[in-house]
Amino acid sequence: MSKPEGGPKRPETTVVTAGRKPFDHHGLVNPPVYHASTMLHPTLEALEKRDQRYTYGRRLTPTIEALQNAICELEGGAGTVLCPSGLQACTLALMSVASSGDHVLVTDSVYGPTRTFCDKTLARFGISTTYFDPLIGAGIERLFKSNTRAVFLESPGSLTFEIQDVPTIAATAHAANIAVILDNTWATPLFFDAFGHGADIAVIAATKYVVGHSDAMLGTVTANDKHLKRLRDTHGNLGLTVGPDDIYLGQRGLRTMAVRLKQHEANAKRLTEWLSARPEVARVLYPALPSDPGHAIWKRDFKGASGLFGVELKPCPDDAVAAMLNGMQLFGMGWSWGGYESLIVPAHINRTATKFAHQGSVIRIHAGLENADDLLADLDAGLDRLKKAA
Ligand SMILES: *Cc1c(COP(=O)(O)O)cnc(C)c1O
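The model shown is predicted, which means the values in this text are computed figures rather than measured ones.

### Quick notes on the domain arrangement of the chain
Thinking step 1. Structurally, the chain comprises domain 1 (11-255) and domain 2 (258-389).
Thinking step 2. Its C-alpha centre places domain 1 at a distance of 28 Å from the equivalent point of domain 2.
Thinking step 3. In this assembly, 37 residues from domain 1 lie in contact with 41 residues from domain 2.
Thinking step 4. Across the interface of domain 1 and domain 2, roughly 3300 Å² is buried in total on both sides, 62% from carbon and sulfur atoms.
Thinking step 5. For domain 1, the biggest contributors to the area lost against domain 2 are Trp186, Phe191 and Tyr209; these three give 26% of the whole.
Thinking step 6. For the pair domain 1 and domain 2, the number of links is three salt bridges.
Thinking step 7. One salt bridge connects arginine 300 with aspartate 165, and the closest N-O pair in it is separated by 2.8 Å.
Thinking step 8. Joining domain 1 to domain 2, the criterion identifies 20 residue pairs in polar contact (both at pLDDT 80 or more).
Thinking step 9. At the level of elements, helix H1 (11-17), strand S3 (128-132), helix H7 (188-191) and helix H9 (244-255) are the ones that each hand at least two residues to the side of domain 1 that touches domain 2.
Thinking step 10. With three residues, the top contributor of residues to the side of domain 1 that touches domain 2 is H7.

### Considerations on the site of the ligand
Thinking step 1. In the vicinity of the ligand, 14 residues are found, and the nearest of them are Gly86, Leu87, Asp183, Thr207 and Lys208.
Thinking step 2. Here glycine 86 contributes a backbone N or O atom positioned 2.7 Å from an oxygen atom of the ligand.
Thinking step 3. When the ligand sits alone it has 370 Å² of accessible area, and the protein chains cover 92% of it.
Thinking step 4. No other element matches the three residues that helix H4 (residues 86-97) contributes to the shell around the ligand.
Thinking step 5. Taken together, the residues that form the shell around the ligand break down as six nonpolar, five polar and three charged.

### Some points on unusual backbone geometry
Thinking step 1. Cis geometry marks the peptide bond from serine 155 to proline 156, where omega comes out at -5 degrees.
Thinking step 2. With respect to the helices and strands, proline 156 occurs in the loop between strand S4 (148-154) and helix H6 (166-175).

### Looking at the side chain of arginine 20
Thinking step 1. Secondary-structure assignment places arginine 20 in the loop between H1 and helix H2 (44-49).
Thinking step 2. The buried charged residue arginine 20 lacks any salt bridge partner; its closest oppositely charged side chain belongs to glutamate 73, at an N-O distance of 9.9 Å.
Thinking step 3. Looking at arginine 20, its side chain comes within polar contact range of the main-chain oxygen of valine 16, at 2.9 Å.
Thinking step 4. A distance of 3.0 Å separates a polar atom in the side chain of arginine 20 from the backbone oxygen of valine 29.

### With respect to the sheet that holds strand S6 (residues 201-204)
Thinking step 1. The seven strands lie next to each other as S1-S7-S6-S5-S4-S2-S3, forming an open sheet whose pairing is mixed. With partners counted over all chains shown, the strands left at the sheet margins are strand S1 (79-83) and S3, one partner each. Recorded for the sheet is a direction-independent mean angle of 20 degrees between the axes of neighbouring strands.
Thinking step 2. Bridge analysis of S4 against strand S5 (residues 179-183) gives five bridges, and the strand direction is parallel. For phenylalanine 152, the partnering residue across the bridge sits in S5 and is isoleucine 181.
Thinking step 3. Helix H3 (residues 62-75) contacts S1, S6 and strand S7 (219-223) of the sheet and is inclined by roughly 125 degrees relative to S1.
Thinking step 4. Along the sheet, H4 makes contact with S1, strand S2 (103-107), S4, S5, S6 and S7, crossing S6 at roughly 160 degrees.

### Describing the packing of aromatic side chains
Thinking step 1. Following the criterion strictly, the structure yields five aromatic pairs and no others.
Thinking step 2. With 6.4 Å between their ring centres and 70 degrees between their planes, tryptophan 186 and tyrosine 286 make a pair best called edge-to-face. Of this pair, tryptophan 186 sits in the loop between S5 and H7 while tyrosine 286 sits in the loop between strand S8 (281-285) and helix H11 (295-301); the two residues are 100 residues apart in sequence, bridging distant segments of the chain.
Thinking step 3. For tyrosine 286, a relative accessible area of 1% gives the class buried.
Thinking step 4. The interplanar angle of 70 degrees and the centroid separation of 6.1 Å between the aromatic rings of tryptophan 186 and phenylalanine 302 together place this pair among those described as edge-to-face. Separated by 116 residues along the polypeptide, tryptophan 186 in the loop between S5 and H7 and phenylalanine 302 in the loop between H11 and strand S9 (308-313) bring together distant segments of the chain.
Thinking step 5. Here tryptophan 186 falls in the buried class, since its relative accessible area comes to 5%.
Thinking step 6. Ring pairing ties together the aromatic residues Trp186, Phe192, Tyr286, Phe302 and Phe309, which thus form one cluster.
Thinking step 7. Its guanidinium or amino end placed over the ring of tyrosine 131, arginine 115 lies 4.2 Å from that ring's centre, counting from NZ or CZ.

Cut-offs used in this document
- Residue positions within a chain follow its written sequence, with the count starting from 1.
- Where totals are concerned, whole chains, interfaces and linings use all residues; where local detail is concerned, this predicted model gives features only for residues with pLDDT of at least 70, and gives and counts side-chain atom pairs only at 80 or more.
- With hydrogens and water excluded, all non-hydrogen atoms of the structure serve as input to the side-chain values.
- The domain limits used here are those given by an automatic or database domain assignment.
- Here, residues are in contact when the closest pair of their heavy atoms is within 4.5 Å.
- Buried area is understood as the total, over both parts, of accessible area removed when two parts are fitted together, assessed with a 1.4 Å probe.
- Whenever a carboxyl oxygen of Asp or Glu lies within 4 Å of a side-chain nitrogen of Lys or Arg, that contact is scored as a salt bridge.
- Counted as a polar contact is a pair of N or O atoms within 3.5 Å, where, for protein atoms, one must be capable of donating a hydrogen and the other of accepting one, and residues adjacent in sequence contribute only when both atoms are in side chains.
- A run of H or I in DSSP becomes a helix once it reaches four residues, and a run of E becomes a strand once it reaches two; helices and strands are each numbered from the N terminus.
- Each residue is tested against the molecule or strand, and it is near if at least one of its non-hydrogen atoms lies within 4 Å.
- All accessible-area figures derive from a Shrake-Rupley calculation using a 1.4 Å probe, and residue coverage is judged against the displayed protein chains alone.
- Each residue gets one label: Ala, Val, Leu, Ile, Met, Phe, Trp, Tyr, Cys and Pro are nonpolar, Asp, Glu, Lys and Arg are charged, and the others, such as Gly, are polar.
- Any residue under 20% of the maximum accessible area for its type is buried, any over 50% is exposed, and the rest in between are partly exposed; the area is computed with a 1.4 Å probe on protein chains only.
- Counted as positive: Lys and Arg. Counted as negative: Asp and Glu, with His and the chain ends omitted from the count.
- Here, strands pair whenever DSSP counts at least two bridges between them.
- Lines fitted to the C-alpha atoms define the axes, with helices restricted to the stretch that makes contact. Angles between their N-to-C directions range from 0 to 180 degrees.
- Pairs were defined over the aromatic rings of Phe, Tyr and Trp, the Trp ring being its six-membered one, requiring ring centres within 6.5 Å. Orientation was assigned from the angle between planes: stacked under 30 degrees, edge-to-face over 60, tilted for the rest.
- Two conditions define a charge located above a ring, namely a distance within 6 Å from the ring centre to NZ of Lys or CZ of Arg, and an angle within 35 degrees of the ring normal.

Structure below.
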C-alpha cells in the first residue's frame with residue numbers, strides 16, 4: 001500500500017500496511033504465498049542476463065520480498081534478509097562482519113546459543129570473542145583491540161534482563177569504526193528503535209513476537225547502508241532461505257503484533273507488580289518496574305515492555321520449585337516464547353565475564369494474552385504449593 005500523505009507512518013500503522021500491495025494481486029488483502037524453486041526465463045538472452053527480478057527460488061520470491069519489505073520498513077533500515085530461525089539471524093549477523101583473525105565483543109547477558117556459536121563455531125574459523133559486562137557503557141572502549149570488528153548487544157539480556165546503554169556503547173564503537181549488532185527480540189522495533197539508537201545491524205528472532213502463535217521458526221536481519229552488501233552476500237553465499245508457508249505465518253503474525261504487545265505488556269505489568277509484593281519472591285527482573293536498576297535507561301530509550309521477565313525466588317529447596325511449576329494450569333513449560341500463551345521455566349544463567357548475583361532460584365515467565373486475574377490465581381496457587389513444599 002502506498003504511504004499516506006503527510007509524513008512517516010506510526011509503527012502501529014506500518015505493521016498493518018507494510019509489504020502489502022493488494023491491487024497487484026486482484027485486490028486480495030494478503031500477499032499470496034508463492035511456492036517456487038525454478039523460475040522460467042522467456043528467452044536465452046533473459047536467462048543469461050540475470051536481470052529478471054526473480055531468478056531462483058532460494059534467492060527471492062514475491063513471498064520473501066513481502067516480509068523483507070515489511071520488516072525493513074518497520075525497522076527503518078536499508079535492507080532485510082530472512083533466516084530459518086532467530087539463532088541463524090544472530091549467527092549470520094556476526095558472520096557478515098567478522099573474518100578470520102578478527103575479534104568480537106559480546107554481552108555476557110547474550111542468548112545462550114549465540115554464546116555457544118561464538119565459542120564453538122566462530123572460534124573454529126579463527127574469530128575470538130570477549131564477553132563484557134552488560135552494564136559497561138562507555139567503558140567498553142577499554143576492551144577494543146586493533147582487530148575488533150563488532151559489538152553484539154542484547155537489551156534487556158536473556159534471563160537476567162539488564163538494560164544496556166545502547167546509544168553510549170554504539171557511539172563508543174562507531175568512534176573506533178566497530179559495527180554494532182543488536183538482538184532486539186524482546187522489545188521488537190515497536191518498543192525499541194534499534195537504528196535510532198545506533199545499531200548498524202538489528203536482529204529479531206521473529207519466532208517470538210512476530211510469528212506470535214508458537215507455530216513457526218523465523219529470524220530477520222536488517223542492516224544500514226554500510227553493512228547491507230556484506231549481509232546480503234553472506235546470506236546468499238550460505239544458501240539461507242525460508243519456506244513460503246513459514247514466511248506467511250510471520251507476515252500474518254506481524255499484522256497484530258502491536259495490539260498483542262500492548263496486552264503482553266499490560267499482563268506482565270500486573271504479574272510483575274503482584275509478584276514483587278509476594279514474600280516468596282526476592283526480586284523481579286523487569287525493566288518497566290520503577291524499582292528495577294535498568295528502569296531509568298529503559299524509560300529513556302524504550303516505548304514499552306514486552307511480556308517476558310525473570311523472578312528470583314527467596315532460597316528454597318529445588319523440590320519446592322518443582323512443586324510450584326509442576327502444578328501450573330495456565331503457564332506451560334517450554335523454552336521458546338512470544339506466543340499468545342503464558343509460560344514458566346527455570347532460568348539457567350551462564351556467565352563468564354561477570355557474576356549474576358542471586359541466592360534463590362531464578363524462573364522466567366512469559367505473560368501471555370489470557371486474563372490477568374486468571375494468571376494471578378494460577379501463580380497464587382503455585383506459590384502456595386511452593387510454600388507447603390519448602
Ligand atoms: C529465542 C531467541 C533467539 C533464537 O530464536 P530461535 O528462532 O528460537 O532460533 C535469539 N535471541 C533471543 C534473544 C531469543 O530469545
